[in-house]
Amino acid sequence: TFPVRVMKLLGIKNLIVSNASGGVNPNYKIGDLMILNDHINLIPNPLIGKNISKLGPRFPDMSEPYCKKLISKAEKIAKDHNISIKKGVYIALTGPTLETPSEYKYMRIIGGDTVGMSTTPEVIVARHMDIPCFAMSVITDLGVPGKIHQVSHSEIQKVAEIAEPKLTLIIKKLIE
């Protein structure tokens, strides 16, 4: 989260992040792109401790963690370039292990579409400083009953590499 604070002080206007995540929505498949429209943070909150009021309020509003305007622009970009995208809720866990079948099931029950080990701390800190955020996930493996199988970090990276050109196109156009 420290780099997000530094970037704000250097003048960034928006935070754009991406991640690799496991899909727990049964309608998702490996290689899908998902725009985050909300998240469930199960990582310790990065704002725990003494608040620095110069950076933001003690209790920042999180009713719009991901900027609806940026989401709408990204959806249009994807449509204009025939890129299929999903929208959904990302759940952040601490890791560094991938999830068990029961954990995947729980993530779906509590409202998640994907699960990963990043993104939410950065977004929380950005929103604390009133930075609009946009985030996308690459679905690199599935945590859906009947589709769960052993996966390695290198396999996850390979899936992300294949999806990267579409993700990059959307982000480049969004920055423009």
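Further up the page is the structure itself.
Analysis parameters
Residues numbered from 1 in each chain as written. Predicted model: local features only at pLDDT ≥ 70, side-chain atom pairs only at ≥ 80, totals over all residues. Heavy atoms only, no water. Helix = DSSP H or I, 4+ residues; strand = E, 2+ residues; numbered from the N terminus. Buried < 20%, exposed > 50% of the residue type's maximum accessible area, 1.4 Å probe, protein only. Contact = heavy atoms within 4.5 Å. Areas by Shrake-Rupley, 256 points an atom, 1.4 Å probe, with all protein chains shown as cover. Lys, Arg positive; Asp, Glu negative; His and termini not counted. Charge placed at Lys NZ, Arg CZ, Asp CG, Glu CD. Axes fitted to C-alpha atoms, helices over the stretch in contact; angles between N-to-C directions. Parallel < 35°, antiparallel > 145°, perpendicular 65-115°, else oblique. Left-handed = near helix turned anticlockwise from the far one by under 90°. Nonpolar A, V, L, I, M, F, W, Y, C, P; charged D, E, K, R; others polar. Phe/Tyr/Trp six-rings, centres within 6.5 Å; stacked < 30°, edge-to-face > 60°. Lys NZ or Arg CZ within 6 Å of the ring centre and 35° of its normal. Bend = angle between axes of the 7 residues up to and from the residue.

Visitor: Could you clarify how one ought to interpret the overall build of the chain in this entry?
Guide: Counting its regular elements, the chain contains five helices and five strands. Overall, the chain shows an N-to-C arrangement of helices and strands of α-β-β-α-β-α-β-α-β-α. Taken along the three principal axes of its C-alpha coordinates, the chain extends 50 × 40 × 25 Å. Going through the 176 residues of the chain one by one, you find that 43% of them count as buried. Of all intrachain contacts in the chain linking residues separated by at least 6 positions in sequence, the fraction that spans at least 24 positions is 85%. Of the roughly 9800 Å² of accessible surface on the chain, 57% is carried by carbon and sulfur atoms. Averaging the positions of the 22 positive and the 16 negative side-chain charges in the chain gives two centres separated by 6 Å.

Visitor: I keep staring at the packing of helix H2 (residues 68-80) against helix H5 (residues 153-175) and nothing clicks. Help me out?
Guide: Where H2 meets H5, the axes come as close as 9 Å, and the angle between the chain directions of the two elements is 125°. By the criterion of interaxial angle, the relationship of H2 to H5 is oblique. Crossing handedness for the pair H2 and H5: right-handed. From H2, Leu-70, Lys-73, Ala-74, Ile-77 and Ala-78 reach across to H5, where they touch Leu-169, Ile-170, Lys-173 and Leu-174. Counted by class, the contact of H2 with H5 contains seven nonpolar, no polar and two charged residues.

Visitor: Would you mind showing me how to read the environment of Pro-3 here?
Guide: In this fold, Pro-3 is placed in helix H1 (residues 2-10). For the pair formed by Pro-3 and Glu-122, sequence separation is 119 residues and the distance between their alpha carbons is 8.8 Å.

Visitor: Looking at this model, I keep getting lost on the packing of aromatic side chains. Mind explaining?
Guide: For any pair of aromatic rings, the description consists of the separation of the ring centres together with the inter-plane angle of the planes. This model, assessed by the stated rule, comprises zero aromatic pairs. The positively charged end of Arg-58 is found above the aromatic ring belonging to Phe-59, 5.9 Å away from the centroid.

Visitor: What is the right way to read unusual backbone geometry from this model?
Guide: The phi angle of most residues is negative, glycine excepted, and most peptide bonds adopt the trans form. The omega angle of the peptide bond from Gly-95 to Pro-96 is 5°, so this bond is cis rather than trans. Its place among the elements puts Pro-96 in the loop between strand E3 (85-92) and helix H3 (101-109). You will see that Thr-119, though not glycine, has its phi angle at about 75°, which is positive. Relative to the helices and strands, Thr-119 is located in the loop between strand E4 (114-116) and helix H4 (120-128). According to the relative accessible area criterion, Thr-119 is buried, its value standing at 3%. For Asp-130, which is not glycine, the phi dihedral falls at a positive 65°. Secondary-structure assignment places Asp-130 in the loop between H4 and strand E5 (133-142).

Visitor: Just checking my understanding: could you explain the environment of Lys-86 for this structure?
Guide: By the element assignment, Lys-86 lies in strand E3. The class for Lys-86 is partly exposed, based on a relative accessible area of 23%. For the pair formed by Lys-86 and Asp-32, sequence separation is 54 residues and the distance between their alpha carbons is 7.3 Å. Among all residues touching Lys-86, those that are not within four sequence positions of it are Asn-27, Tyr-28, Asp-32, Leu-33, Met-34 and Ile-35.

Visitor: Help me understand H5 in this model?
Guide: The α-helix winds at 3.6 residues per turn, so residues separated by three or four positions along the chain end up facing the same way. If you look at H5, its biggest bend is around 45°, right at Ala-163, and the proline Pro-165 turns up within four residues after that. Turning to H5, its buried residues number three or more, namely Ile-156, Val-159, Ala-163, Leu-167, Ile-170, Ile-171 and Leu-174. Elements in contact with the buried residues of H5: strand E1 (15-23), strand E2 (33-41), H2, E3 and E5.

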